[in-house]
Amino acid sequence: MRRLSKCRWRRALALLAVLVMPAFAATQQAKMERRVIARTFELRGALLEACMDAKPDRLREVTEACRGIGRLAPLVSYTSALMAARGIEVDDAARFRGGLVAFVVPEIVDQAKFQEIYVTMRLFRKRDEVAPVRFVVRLLDGAGDSVRQIEIDEGTSIDGLLRVAARGSIPVGDLDDGRYRIEVETLLGDESPIDGQPKFATEVIIDRSYSGRIAKQPLYLDPFHPDAAARAEKVTAALDGLAARVPGAAGRAAWMDAMMRVYRPFRGEAPVVTTRALADLARLERITANLRDGEDPYAGMTGRLTIGVPVGESVGKTAKSLLETQYASVSVELLASNSGERPLVLFLPSAPSWDGGTDRPSGVKSEAPAWLWSELERMGFDAAGEFHTAIMESPGRMKSPLLALPKVVQYLQTILPVDGDRVVLVGDRGGAYCVSRALVAHPDLARGAVLVNGGALSNPDLEKLGDKHFMLVPSAGHPSEVHLESLQKRAEGRANAGMLEGADLRPWPIAVPLASRAIEGFVRAVVK
């Protein structure tokens, strides 16, 4: 074999770097975006809570602050909006703290592979120098007592925070299994954050059985692995075997959705609301067992679950086609079969975005339905349990959410005791567009729709939809505001269409939960 000279080796290595580094940088950027988007959703939840009892003048301040949310400084904008909701002045220190993101890995510690929890602080966008920065990281047990504490005071310059040089580790090898909480306090000089300023906190789990249980599942965890295609074929074959006596589309959709939730921590995506890593693994195990026994994938499971709904067949058995199995994640409460028929309310949120428009991150394809569910639950939506409330994942991951939406409605009508055609659809921004166009294509899909900061209905569309009921929900300053006003004027004279007043009291990131009481009233009127 001919040997390469040192010069040729250098050229080969340089070429390899040119080929690999962009892919590596893209992967790192995607992971960063996942963490930032997750952090914006955490701040969104805190913002909603602060706005629940806020007076109108304060809500208008929040709406104004939300106008500035965009790709360059989303975390700072959300921090400013949250502090405005709490009536706290935003200074440079608050803006600096608000622009930080903490990476905490692993989310679940099995103590076989990991004996430490690693914490890395990252500044999302460059900012002016502030006082010397250090971080106090505390690990709290289930009772709220601090069991470990470290300080991160190296690599905390602006340059270091941009280069992820500020990092530390917490030894946990001797701790008992259980749920723990990590809190990070940002000190500027010796100054702690003022009360009411958002802080960073996340949950982690220690569980010694996790790795062993993972190993027993026919998992496909790494799309970049050299043997990815071969692994995908094995998983596909395993699925075919498990679903031998179960409809293939339903079994595969259920299994893929459950598997991808177990896969989530491995791809660097932050938990939704709080970590459910053990619950997600338990669900995958249950679905696998059900399919192996020839049962329905969700046999014996009740309560609120995120399920996989088949919306199309995948083609081939390659790694890529397996990951692109056409299913939609839907959060819904599975009830006992004798629970009685109820109307169905299906929410379709908007895809993750950096602003109120269509400026999307590249690393996060869709919004998990559990995010919106936690917000509706906080607002007490349908507290009496009069409806089947379901939340579909947002457009972004699926190839055609317009085609998927009718299939989701039809599937839910087969697994839930839905009361005939008493279905109402609620869409937010991009989700509102999908809802409006799906109704035009399938006028019998639902009795009515709520369009929040979006939707597209021409005059011929309105004529075609006839007596369908619509409620339009705008937010002041959102790009769709003018369009919704135009739609309302074109719908004037129809008893079945109306605009919800008070747009300046509904900041666009939390418009759906803030309008939830009005949405609930609209649903009751439509399905009565």
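Counting starts from 1 at the beginning of each chain's written sequence and moves along it residue by residue. Only residues with pLDDT of at least 70 are given local features in this predicted model, and only at 80 or more are side-chain atom pairs given and counted; all residues enter the totals for whole chains, interfaces and linings. For side-chain calculations, the full set of non-hydrogen atoms in the structure is used, while hydrogens and water are omitted.

### Brief notes about the overall build of the chain
Of the regular secondary structure elements, the chain holds 17 helices and 16 strands. When burial is assessed residue by residue, the chain has 52% of its 528 residues classed as buried. A separation of at least 24 residues holds for 72% of the contacts in the chain among residues at least 6 apart in sequence. Calculation of accessible area relied on Shrake-Rupley with a 1.4 Å probe; when residues are assessed, cover is drawn exclusively from the protein chains displayed. For the chain, the accessible surface area stands at approximately 23700 Å², while carbon and sulfur atoms represent 51% of it. Counting from the N terminus, the helices are DSSP H or I runs at least four residues long and the strands are E runs at least two residues long. The buried label applies to any residue whose accessible area, calculated with a 1.4 Å probe on protein chains only, is under 20% of its type's maximum; exposed applies above 50%, and partly exposed to all values in between. Residues are treated as being in contact if the distance between any of their heavy atoms lies within 4.5 Å.

### Details of the confidence of the model for the chain
Confidence of the predictor at the level of single residues is given by pLDDT, which spans 0 to 100. With 85% of its residues at a pLDDT of 70 or more, the chain has an overall mean of 85. Contacts for the low-pLDDT stretch residues 1-25, under 50 throughout, to residues beyond four places or in other chains number 4 contacts. For residues 315-323, every residue scores under 50 in pLDDT, and the model assigns this stretch 23 contacts once sequence neighbours within four places are set aside.

### Brief notes about the sheet that holds strand β6 (residues 166-171)
The pairing criterion is simple: DSSP has to find at least two bridges between the two strands. Read across the sheet, 3 strands follow the order β1-β3-β6 without closing on themselves; strand pairing throughout is antiparallel. Two strands lie at the open edges of the sheet, namely β1 (100-105) and β6, each paired on one side alone. Strand-to-strand, the axes of this sheet are offset by a mean angle of 20°, without reference to chain direction. Pairing of strand β3 (residues 116-123) with β6 involves 6 bridges; the strand directions are antiparallel. Across the sheet, the residue bridging to Y118 is S169, located in β6. Simply put, an axis is a line fit to the C-alpha atoms, just over the touching stretch for a helix, and the angle between two N-to-C directions goes from 0 to 180 degrees.

### Regarding the pattern of salt bridges
As a working rule, side chains carrying opposite charge can pair if their charged atoms are close by. By definition here, a salt bridge exists when the distance from a side-chain nitrogen of Lys or Arg to a carboxyl oxygen of Asp or Glu is within 4 Å. Counted under the stated rule, the structure contains 30 salt bridges. As a salt-bridge pair, R181 and E183 come within 3.2 Å of each other at their nearest N and O atoms. Residue classification places R181 among the partly exposed residues on the basis of a relative accessible area of 35%. Overall, E183 belongs to the partly exposed group, its relative accessible area being 28%. The partner of R261 in a salt bridge is D257, with the nearest N and O atoms 3.4 Å apart. Of the two residues, R261 and D257 are both situated in helix α8 (residues 248-263); the distance of 4 residues between them amounts to about one turn of the helix. Take D257: its relative accessible area is 1%, and that puts it in the buried class. Linked through salt bridges whose partners overlap, the residues forming this network are E33, R71 and D359.

### Details of empty space enclosed by the protein
Space inside and on the surface of the protein is sampled on a 1 Å grid over the protein atoms alone, with a cavity defined as a set of points where a 1.4 Å probe fits but cannot get out and a pocket as an open set with protein on both sides within 12 Å along at least 5 of 7 lines; lining residues have an atom within 4 Å of a point. Grid points are joined across faces, edges and corners, and a volume is the space filled by probe spheres set on the points. The final tally for this structure, using the stated rule, is 6 cavities of 30 Å³ or more. For the largest cavity, the calculated volume is near 170 Å³. Along its surface, the largest cavity is lined by 17 residues, and R39, R97, P198, K199 and F200 are the ones closest to its centre. Put simply, the parts of the chain that give the lining of the largest cavity at least two residues each are α1 (6-51), α4 (92-98), β1 and β7 (178-188).

### A closer look at the pairing of β7
For strand β4 (residues 133-140) and β7, the ladder comprises 8 bridges, and the chain directions are antiparallel. Bridge pairing in β7 places R138 opposite E183. Bridge count between β7 and strand β8 (residues 200-206): 7 bridges; the pairing is antiparallel. Bridge pairing in β8 places G178 opposite I206.

### Describing the packing of helix α12 (residues 401-415) against helix α13 (residues 430-441)
Two packed helices can be described by the angle between their axes and the distance between those axes. Running from N to C, α12 and α13 cross one another at 70°; their axes reach a closest spacing of 9 Å. Viewed along their axes, α12 and α13 adopt a mutual orientation that is roughly perpendicular. Considering how the two elements wind past one another, α12 and α13 form a crossing that is right-handed. Between α12 and α13, the residues in contact are P401, L402 and L405 and Y433, C434, V435, R437 and A438, respectively. The residue classification treats Ala, Val, Leu, Ile, Met, Phe, Trp, Tyr, Cys and Pro as nonpolar and Asp, Glu, Lys and Arg as charged. All others, Gly included, are polar. Of the residues contributing to the contact of α12 with α13, the split by class is 7 nonpolar, no polar and 1 charged. Angle categories are assigned with fixed cut-offs, so that under 35 degrees is roughly parallel, over 145 is roughly antiparallel, 65 to 115 is roughly perpendicular, and the rest are oblique. Rotating anticlockwise by less than a right angle from the far helix to the near helix defines a left-handed crossing, while the corresponding clockwise rotation defines a right-handed one.

### A closer look at the packing of aromatic side chains
For any pair of aromatic rings, geometry is given as the distance between the ring centres together with the angle between the planes. Here a pair means two rings of Phe, Tyr or Trp (six-membered ring of Trp) with centres within 6.5 Å. Their orientation is stacked below 30 degrees between planes, edge-to-face above 60, and tilted elsewhere. Taken as a whole, this structure holds 4 aromatic pairs when the rule is applied. Both rings, one in F381 and one in F387, keep their centres 6.5 Å apart while their planes meet at 50°; by these two values the pair is tilted. Judged on exposure class, the residue F381 and its partner F387 are both buried. Aromatic ring contacts, followed pair by pair, group F347, F381 and F387 into a single cluster. Working rule: Lys NZ or Arg CZ, within 6 Å of ring centre, within 35 degrees of ring normal, means a charge sits over the ring. Here the guanidinium or amino end of R125 rests over the ring plane of F124, the centre of that ring lying 4.8 Å away. Between the NZ or CZ atom of R304 and the centre of the ring of W373, over which it lies, the distance is 3.2 Å.

### Overview of the pairing of strand β9 (residues 303-310)
Where burial is concerned, most of β9 is hidden: 6 out of the 8 residues are buried. Here 8 bridges tie β9 to strand β10 (residues 327-334), and the two strands are oriented antiparallel to one another. Of the residues in β10, the one forming a bridge with R304 is E333.

### Points about the sheet that holds strand β5 (residues 146-152)
The sheet built from 5 strands is open, its strands ordered β2-β8-β7-β4-β5 with mixed pairing. Of all strands in the sheet, those bounded by a partner on one side alone are β2 (108-109) and β5.

### Observations regarding the packing of helix α2 (residues 56-66) against helix α3 (residues 74-85)
Packing of α2 against α3 brings their axes to within 8 Å, and their N-to-C directions diverge by 175°. Between α2 and α3, the angle falls in the class roughly antiparallel. Packed against α2, whose contacting residues are R58, E61, V62, A65 and C66, the element α3 presents S80, A81, A84 and A85 at the interface. For the contact of α2 with α3, the residue count by class is 6 nonpolar, 1 polar and 2 charged.

### Quick notes on the nonpolar core
By nonpolar core is meant a set of buried Ala, Val, Leu, Ile, Met, Phe, Trp, Tyr and Cys residues that side-chain atoms within 4.5 Å join together. Among the nonpolar cores identified, the biggest contains 65 residues, and I307, L346, M392, V408 and L425 are the most heavily contacted of them. No other element matches α8, which puts 10 residues into this core. Ignoring sequence-local partners within four residues, the contact set of I307 consists of D257, R283, Y298, A328, S329, V330, V332, L334, Y411 and I415. With 31 residues, the next largest nonpolar core counts V36, Y78, W354 and W371 among its residues.

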